[in-house]
Amino acid sequence: MVTAIVFVKADVARIHEVAETIAALDGVSEVYSITGDHDLMAMVRVRRNEDLNDIIPGRINKIPGIVGTETHIAFRTYSQHDLEQAFALGLPDAD
């Protein structure tokens, strides 16, 4: 499983609409309204790095109201909650 954290700057009048549109995309597990330099943070979880291309530049960046994005890729998960969910889904072992 590959996790990307996508920080989103949005048109202030469209933040709610943008957040709901992002949250409805396959591969997006959560969207948070945040403080700081960005307006939203989306957690994208996919099986392969190549799948990120379809979701982030292919869909998220094309949503009307998005001014810009900044993407970070997670190397490893340390949260026990996330690990338990992965095992509960029966995901195959990564090679």
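Quick caveat, the model's predicted, so the values are computed rather than measured.

A. Structural detail: the pairing of strand β1 (residues 2–10). Counting buried residues along β1, 7 of its 9 residues qualify, which places the element largely inside the surrounding structure. Summarising the sheet, β1 and strand β3 (residues 40–46) pair through 7 bridges and their orientation is antiparallel. Across the sheet, the residue bridging to Val2 is Val46, located in β3. Here β1 pairs with strand β4 (residues 66–73) via 7 bridges, running antiparallel. In the strand pairing of β4, Ile5 is matched with His72.

B. Focus on the nonpolar core. By size, the foremost hydrophobic cluster in this structure holds 21 residues, and its most contacted members are Val18, Ile22, Val28, Val44 and Ile60. Listed by contribution, the elements that provide at least two residues to this core are β1, α1 (15–23), β3 and α2 (49–55). The element contributing the most residues to this core is β1, with 5 residues. Discounting chain neighbours no more than four positions away, the residues touching Ile22 are Val8, Val28, Val31, Leu40, Ala42, Ile60, Ile63 and Ile66.

C. Quick look at the pairing of β3. The element β3 is extensively covered by neighbouring structure, given that 6 of its 7 residues are classed as buried. As defined by bridge partners, strand β2 (residues 28–33) adjoins β3 across 5 bridges and the pair is classed as antiparallel. Across the sheet, Ser33 pairs through a bridge with Leu40, a residue of β3. Hairpin connection, β2 to β3: the antiparallel pair is bridged by 6 residues, and Gly36 has positive phi, about 105°.

D. Summary view of the environment of Ala19. Relative to the helices and strands, Ala19 resides in helix α1. If we skip the residues at most four places from it in the chain, Ala19 touches Val31 and Leu40.

E. Structural detail: the sheet that holds β4. Taking strand neighbours across the sheet as the criterion, the 4 strands line up as β2-β3-β1-β4 in an open arrangement whose pairing is antiparallel. The open sheet terminates on both sides in strands that have one partner only, identified here as β2 and β4. Across this sheet, the average inter-strand angle for adjacent strands is 20°, counted without regard to direction.

F. Quick peek at the environment of Pro57. Mapped onto the fold, Pro57 is located in the loop between α2 and β4. In the structure, Pro57 is positioned 12 residues away from Thr69 in sequence and 9.3 Å away in space, judged by C-alpha atoms. Those residues in contact with Pro57 that lie beyond four places of it in its chain are Leu52 and Lys62.

G. Molecular detail of the side chain of Thr3. In this structure, Thr3 sits in strand β1. A relative accessible area of 8% means that Thr3 is categorised as buried. Reaching out from Thr3, the side chain makes a polar contact with the side chain of Arg45 at a distance of 3.4 Å. Apart from the residues lying within four places of it in its own chain, the contact partners of Thr3 are Met43, Val44, Arg45, His72, Ile73 and Ala74.

The rules we used
- Residues numbered from 1 in each chain as written.
- Predicted model: local features only at pLDDT ≥ 70, side-chain atom pairs only at ≥ 80, totals over all residues.
- Heavy atoms only, no water.
- Buried < 20%, exposed > 50% of the residue type's maximum accessible area, 1.4 Å probe, protein only.
- Helix = DSSP H or I, 4+ residues; strand = E, 2+ residues; numbered from the N terminus.
- Pairing = 2+ DSSP bridges.
- Core = buried A, V, L, I, M, F, W, Y, C linked by side-chain atoms within 4.5 Å.
- Contact = heavy atoms within 4.5 Å.
- Axes fitted to C-alpha atoms, helices over the stretch in contact; angles between N-to-C directions.
- Polar contact = N/O pair within 3.5 Å; in protein donor to acceptor, adjacent residues only side chain to side chain.

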